[in-house]
Amino acid sequence: MISGLDHVALAVRDLDQAQAAYARLLGRAPNWVGGDGGARHAWFQLPNMALDVIAPSGEGAFGDVIRTHLDAHGEGVWALAFTTPDIEAAVALLRRRGIGATDPGPVRSTHEDGRKRYWTTATLDAAATGGMNILLTAPPRDGQPWPLSAPTAGEAAAVAALDHVVVRTPNPERALAVYGAKLGLDLRLDRSNADWGVRQLFFRCGAAVVEFGASLKTPVSDAPDTSGGLAWRVDDPAAVHARLAAEAWDVSDLRQGRKPGTQVFTVRTGAPGLPALMIQQGAPAAPQETDR
């Protein structure tokens with residue numbers, strides 16, 4: 001039913017500022033800036049998903065939706081959009097599984113130069129998904145993937161892809177039921193770590209991962225899930241770290257990650273939706289001291 005993560009939608013108040021910040025953070029230029037329906041957006045296309053940065057602009061129903069979200073939650077992740085090869089069948093199946101959904105409908109975006117893009121989406125009932133805004137998205141109408149966002153300072157110093165989305169949940173069994181049993185995402189790992197005080201669920205979704213984190217120190221509740229941020233994959237963490245540090249971003253030191261064979265650092269502030277983790281998978285092992 002779901003074949004991958006299509007995009008993550010980020011709600012912001014000032015598109016120009018947020019677009020410039022994410023171009024610097026990712027080291028990539030947006031491949032589309034446009035809008036319709038009372039909102040403008042900048043689209044950053046990566047190999048395994050896209051980041052859609054959206055701000056209200058003028059009058060329109062969609063702009064009102066984003067304004068309402070900003071007033072209630074502030075800037076940050078607004079929605080997760082999953083790709084499905086047959087959106088009509090997916091909506092019908094999810095309705096049978098108890099998740100309400102709008103009928104699939106067209107979305108249009110008009111580029112600043114007048115070009116247009118069209119795609120088809122359906123919105124799931126957030127009350128039935130645990131609180132997160134979830135969209136289903138059909139593949140591009142012409143069958144051609146949208147072009148990748150070009151690097152602005154070389155590939156080595158750019159973010160390569162999304163590694164994982166983090167969702168905070170007060171109810172991990174609900175997350176298993178919704179995202180595993182009903183949406184059909186591939187649960188790859190369910191682990192609890194008393195030292196960290198957290199239970200983690202990792203769902204594979206195409207070439208990305210959706211991670212749920214639940215505190216082991218607080219009671220389970222029916223409170224809504226919330227965004228825990230994004231983790232970006234980098235091929236050369238030293239190059240990306242050096243670029244961001246030179247641009248005066250607030251970054252942590254480069255360090256070995258909790259997962260064996262990873263190197264990570266955190267970008268703390270500087271763009272809506274931060275902090276964010278930068279991670280290199282399969283990093284070289286740290287040098288070991290030897291007797292001489």
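A brief structural summary. (Residues numbered from 1 in each chain as written. Predicted model: local features only at pLDDT ≥ 70, side-chain atom pairs only at ≥ 80, totals over all residues. Heavy atoms only, no water.)

**Concerning the environment of T83**
In step 1: With respect to the secondary-structure elements, T83 resides in strand β5 (residues 76-83).
In step 2: Given the relative accessible area of 14%, T83 is considered buried.
In step 3: The sequence separation of T83 and G4 amounts to 79 residues, and the corresponding C-alpha distance is 5.2 Å.
In step 4: A polar atom in the side chain of T83 sits 3.3 Å from the side chain of D6. (Helix = DSSP H or I, 4+ residues; strand = E, 2+ residues; numbered from the N terminus. Buried < 20%, exposed > 50% of the residue type's maximum accessible area, 1.4 Å probe, protein only. Polar contact = N/O pair within 3.5 Å; in protein donor to acceptor, adjacent residues only side chain to side chain.)

**Some points on the environment of A90**
In step 1: On the secondary structure map, A90 appears in helix α3 (residues 87-96).
In step 2: Overall, the relative accessible area of 2% leaves A90 in the buried class.
In step 3: Taking C-alpha positions, A90 is 9.6 Å from A122, a pair spaced 32 residues apart along the chain.
In step 4: Residue contacts for A90: discarding those within four places in its chain leaves M1, T84 and L136. (Contact = heavy atoms within 4.5 Å.)

**Side note on the sheet that holds β5**
In step 1: Pairing is mixed around the closed barrel formed by 8 strands, whose spatial order is β1-β4-β3-β2-β6-β7-β8-β5. In this sheet, adjacent strand axes meet at a mean angle of 35° when their direction is disregarded.
In step 2: Note: strand β3 (residues 39-46) against strand β4 (residues 49-56), 8 bridges, orientation antiparallel. What sits directly across from F44, in β4, is L51.
In step 3: The strands that α3 touches are β7 (116-123) and β8 (134-137); relative to β8, the one it contacts most, it runs at about 145°. (Pairing = 2+ DSSP bridges. Axes fitted to C-alpha atoms, helices over the stretch in contact; angles between N-to-C directions.)

**Topic: the pairing of strand β11 (residues 198-205)**
Every regular strand shows the same layout, with side chains that alternate between the two sheet faces.
In step 1: Counting buried positions along β11 gives 7 out of 8 residues, so the element sits mostly inside the fold.
In step 2: When strand β10 (residues 186-193) meets β11, the two strands line up antiparallel, connected through 7 bridges. Note that in β11 the partner of R191 across the bridge is Q200.
In step 3: Hairpin connection of β10 to β11: 4 residues between the antiparallel strands, including G197 at a positive phi of 70°.
In step 4: The hairpin turn running from β11 into strand β12 (residues 208-215), its antiparallel successor, is 2 residues long, and G206 in that turn takes a positive phi close to 65°.

**A word on the packing of aromatic side chains**
In step 1: The tally for this structure, following the rule as stated, stands at 7 aromatic pairs.
In step 2: Chaining the aromatic ring pairs together yields one cluster made of W43, W119 and W146.
In step 3: Taking the ring centre of W146 as reference, the NZ or CZ of R117 above it sits at 4.2 Å.
In step 4: Stacked on the ring of W196, the Lys or Arg R258 has its end atom at 4.1 Å from the ring centre. (Phe/Tyr/Trp six-rings, centres within 6.5 Å; stacked < 30°, edge-to-face > 60°. Lys NZ or Arg CZ within 6 Å of the ring centre and 35° of its normal.)

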